Amino acid sequence: MLNNRQRAVLDTLLPSGGHPALGLGLFDAGFDAFYEDFEGTAQPSMVWGFKAALFAASWLSPVLILRLPPLSRLERPDRERALEALGKSRFYLLRQLLLLLKAVCAFCYGADPRVRDALGFPRS
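Residues numbered from 1 in each chain as written. Predicted model: local features only at pLDDT ≥ 70, side-chain atom pairs only at ≥ 80, totals over all residues. Heavy atoms only, no water.

Q: Go over the pattern of salt bridges, please, and point to the residues and values.
A: In this structure the tally under the stated criterion is seven salt bridges. The closest approach of N and O atoms between Asp11 and Arg76, which form a salt bridge, is 2.6 Å. Taken together, the residues span a long stretch of sequence, with Asp11 in helix H1 (residues 4–13) and Arg76 in helix H4 (residues 76–87) at a distance of 65 residues. Assessed through its relative accessible area of 22%, Asp11 is described here as partly exposed. For Glu39, the salt bridge identified is with Lys51, shortest N-O distance 3.3 Å. Of this pair, Glu39 sits in helix H2 (residues 31–41) while Lys51 sits in helix H3 (residues 44–64); the two residues are 12 residues apart in sequence, bridging distant segments of the chain. On the basis of relative accessible area, Glu39 is assigned to the partly exposed category, the value being 33%. (Salt bridge = Lys/Arg side-chain N within 4 Å of Asp/Glu carboxyl O. Helix = DSSP H or I, 4+ residues; strand = E, 2+ residues; numbered from the N terminus. Buried < 20%, exposed > 50% of the residue type's maximum accessible area, 1.4 Å probe, protein only.)

Q: Now, about the side chain of Ser61: what can you tell me, with residues and values included?
A: Relative to the helices and strands, Ser61 is located in helix H3. The contacts of Ser61, once residues within four sequence positions are left out, are Ala56, Leu71, Ala82, Leu83 and Leu86. (Contact = heavy atoms within 4.5 Å.)

Q: Explain H4 to me, using residue names and the numbers behind them.
A: For H4, spanning 12 residues, the distance from its first C-alpha to its last is 17 Å, which sits close to the expected 16 Å at 1.5 Å a residue. Asp78, Arg79, Ala82, Leu83, Ala85 and Leu86 are the residues of H4 that are buried. In an axial view of H4, the angular spread of the buried residues amounts to 155 degrees, which keeps them on one side of the axis. Against H1, H3 and helix H5 (92–111) lie the buried residues of H4. (Expected span 1.5 Å × (residues − 1). Arc of directions from axis to C-beta.)

Q: Before we move on, could you go through the environment of Phe50 and cite the residues and values that matter?
A: Summarising the element assignment, Phe50 is placed in helix H3. When the C-alpha positions of Phe50 and Leu101 are compared, they lie 6.0 Å apart, and in sequence the two are 51 residues distant. Each residue touching Phe50, except ones within four places of it in the same chain, is listed here: Leu10, Phe31, Tyr35, Phe38, Leu100, Leu101 and Val104.

See the structure below:
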């Protein structure tokens, strides 16, 4: 499962109460169960890419804002700045790792019926 450093990365991306209309955070939307299923069913390259993205976000992104890693030791504003710096890095691979991280999180978050209802997504 996810360790505290990885959880800090994911909570920084989609925190609970991060938006008035969307009070749910990533872990409120069931990311733990999603991740367990993801590890068992996704293509191995996607799973390894996601793990590499978590590593980069935790250990490399703080360096981009001149802070010592890991990300979990930083306050929320600095964690957000570090992840933003990862997405604006001049290195294509770092930008793509953040994109993969966001995509996998969106697969879980967007599938939650409460999130879809809050966004006004029509039910089928």
